[in-house]
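Geometric and topological summary
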Amino acid sequence: MRILLIASAYNSLTQRVHAELRDRAYGVAVEVTSTGDAVRAAVDRHRPDLIVAPMLRTVVPRDVWAARPCLIVHPGPVGDRGPSSLDWALQEGAERWGVTVLQAEEEMDAGPVWATADFAVPPVGKSDLYRNELADAALGAVLTAVERFASGTFSPTDQRALPSTPGARVRPAMRQAARRIAWDEDTTGTVLRKLRAADSQPGVLDELLGAEWFLHGGRPEHRLRGRPGELLATRAGAVCRATVDGAVWIPELRARTRPGEPRACKLPATLALAGRLPRLPEAGVPVLPAADDPAWSDIRYHEAGPVGVLSFSFPGGAMSTDHCRRLLRAWRAACERPTEVLVLGGARDFFSNGIHLGVIEAAADPAAESWANIGAMDDLVEAVLTTTDRLVAAAVGGNAAAGGVMLALAADEVWCRSGAVLNPHYRRMGLYGSEYWTYTLPRRVGPAAAERLTREALPVSAARALDLGLADRVVECAPAGFTAEVTRLAERWAASRARARLAAKKAESERREAVTPLAAVRAHELERMRSIFFDPEAPYHALRRAFARKETAPDGSAATRARGAEVTDA
């Protein structure tokens with residue numbers, strides 16, 4: 001059966017559906033489309049038996065859906081309609097939500113239903129929820145719908161014949177007026193719901209230090225207090241802002257630009273406010289913040305007997321020079337602890353997508369910042385690769401791409417949550433790549449598979465990663481249970497064979513170093529990267545700009561597809 005995926009962006013859900021359908025041996029093509037005419041052209045090219053739209057902002061033309069079944073994935077339960085379904089659900093505090101696979105018809109989101117699924121809504125941002133609980137539910141519903149279509153015996157159900165979820169209704173697009181934060185009135189809980197409902201797009205428009213900004217992300221602060229709206233402190237690039245009954249941490253800001261001006265990059269808040277930010281106290285945390293410490297931190301550490309778990313969570317999975325250096329300091333501190341197994345990762349959502357293209361694009365000298373960032377990533381990966389006094393597991397709870405995949409491959413074993421999608425390549429950003437990938441990827445999957453993965457530049461499901469050798473274990477659990485599950489796995493690993501394997505690990509590391517010195521691998525990769533970074537005509541610069549500023553990429557495709565990583569949210 002030939003399936004055509006049409007989407008407004010090659011986002012996380014589109015990639016996951018693509019990868020999972022390919023795993024099941026369906027013939028799958030993907031087209032990123034922005035107009036009805038583009039949809040028609042894609043259908044004419046591929047002549048599919050079935051069309052599936054995992055994330056589509058364009059109206060499917062009547063002549064397309066009248067000629068062949070077109071299944072729309074709507075991020076809301078039966079009876080809910082509109083383009084901002086998930087935004088309203090989060091802002092209104094829904095505890096459960098759903099996803100519906102319905103057939104395209106004249107009225108938007110009103111067609112007959114092929115499959116549905118529901119899920120619990122944890123207190124997380126929209127993009128995190130979309131990539132995890134919603135994506136799990138949506139994938140299950142899509143696979144059910146595809147199987148029902150393939151059977152040739154299933155008839156979809158009229159929505160009016162199905163029970164409607166409480167709170168589901170026809171909703172308008174959520175505008176900034178509905179998102180506005182009233183700092184003198186809104187409680188911390190209300191502020192967090194508004195911030196989470198706008199994460200990571202479009203952000204909450206607000207005024208701060210004499211300018212307009214889109215606020216992205218939100219975490220509660222449990223100790224600091226001040227005048228509502230006042231900036232209180234900084235931490236790890238975030239700013240703390242007072243509410244009427246507490247405070248929130250805002251990790252990222254994006255400047256509002258005038259019509260016709262290039263879209264600003266989303267940046268760590270303190271970097272975005274550079275030159276405007278008054279002198280504020282740095283509300284620091286230990287190098288290894290305890291997992292049960294209520295103080296917000298983007299890096300956490302906890303121990304369970306012989307196991308240490310070093311978790312991190314950076315917005316969008318992007319790792320700036322500062323992110324890399326802080327995580328490296330934490331890694332070195334964790335290696336001073338008396339553990340036998342050290343887990344890197346374990347948090348829900350993104351593992352890592354490699355270097356921070358937004359920070360690089362906004363830098364006064366993007367080439368120099370690119371060079372600094374890749375050097376910091378290499379330092380981190382090298383530290384993981386050369387840790388021989390304990391076993392190391394990379395726990396990939398969410399998606400990973402480019403250098404983020406290679407960071408995981410530096411560990412002794414890679415454990416992926418079943419919903420994770422890997423993009424082990426750099427090509428769509430015009431980069432050769434570093435992070436010791438020419439050493440670790442062929443060692444993992446073999447030279448032929450490594451060449452194919454980096455050339456094809458396609459997403460890989462967790463199950464496929466296991467088959468290829470990119471992963472050693474697929475962890476079947478809900479996103480919220482991943483940390484606890486990998487901790488249990490690491491404890492069993494430590495109890496079973498840690499000491500015997502450590503001796504073999506150290507000997508193997510010494511043998512490999514004698515044959516292929518890591519310094520030579522790094523020098524080779526960085527020589528290629530330097531030639532790209534400092535060549536103003538290299539495609540990387542235009543591709544980076546398109547990605548960071550959400551512009552059309554030079555080849556005419558959507559900038560979000562250029563990277564091939566998770567880059568677009570609900």
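First things first, this report covers the structure right here in the doc. (Residues numbered from 1 in each chain as written. Predicted model: local features only at pLDDT ≥ 70, side-chain atom pairs only at ≥ 80, totals over all residues. Heavy atoms only, no water.)

The subject of this paragraph is the environment of Ala304. With respect to the helices and strands, Ala304 occurs in strand β15 (residues 299–304). When its relative accessible area of 16% is taken as the criterion, Ala304 is described as buried. Between the C-alpha atom of Ala304 and that of Ala141, which follows or precedes it by 163 residues, the distance is 37 Å. Leave out the neighbours within four places in its chain, and Ala304 touches Thr487 and Glu491. (Helix = DSSP H or I, 4+ residues; strand = E, 2+ residues; numbered from the N terminus. Buried < 20%, exposed > 50% of the residue type's maximum accessible area, 1.4 Å probe, protein only. Contact = heavy atoms within 4.5 Å.)

The three strands lie next to each other as β19-β21-β22, forming an open sheet whose pairing is mixed. If you trace the sheet from one side to the other, it starts and ends with β19 (400–401) and β22 (460–461), each paired once. (Pairing = 2+ DSSP bridges.)

For helix α7 (residues 188–197), the tally of buried residues reaches eight of 10 residues, placing the bulk of the element in the interior. Thr188, Thr190, Val191, Leu192, Lys194, Leu195, Arg196 and Ala197 are the residues of α7 that are buried.

Turning our attention to the packing of helix α13 (residues 437–445) against helix α14 (residues 447–456). Running from N to C, α13 and α14 point in directions that differ by 115°, and their axes come no closer than 7 Å. As α13 runs across α14, the sense of the crossing is right-handed. Contacts from Trp437, Leu441, Pro442 and Val445 of α13 reach α14 at Pro447, Ala449, Ala450, Leu453 and Thr454. For the contact of α13 with α14, the residue count by class is eight nonpolar, one polar and no charged. (Axes fitted to C-alpha atoms, helices over the stretch in contact; angles between N-to-C directions. Left-handed = near helix turned anticlockwise from the far one by under 90°. Nonpolar A, V, L, I, M, F, W, Y, C, P; charged D, E, K, R; others polar.)

Spatially, four strands are ordered β9-β12-β11-β10 in an open sheet, and the strand pairing comes out antiparallel. Bordering the open sheet on either side are β9 (219–221) and β10 (231–235), each of which pairs with just one other strand. Neighbour to neighbour, the strand axes of the sheet diverge by 30° on average, direction disregarded. With three bridges joining them, β9 and strand β12 (residues 247–250) adopt antiparallel strand pairing. Bridge pairing links Pro220 to Val248 in β12. Together, β9 and β12 form the strand contacts of α7, whose direction differs from that of β12 by roughly 20°.

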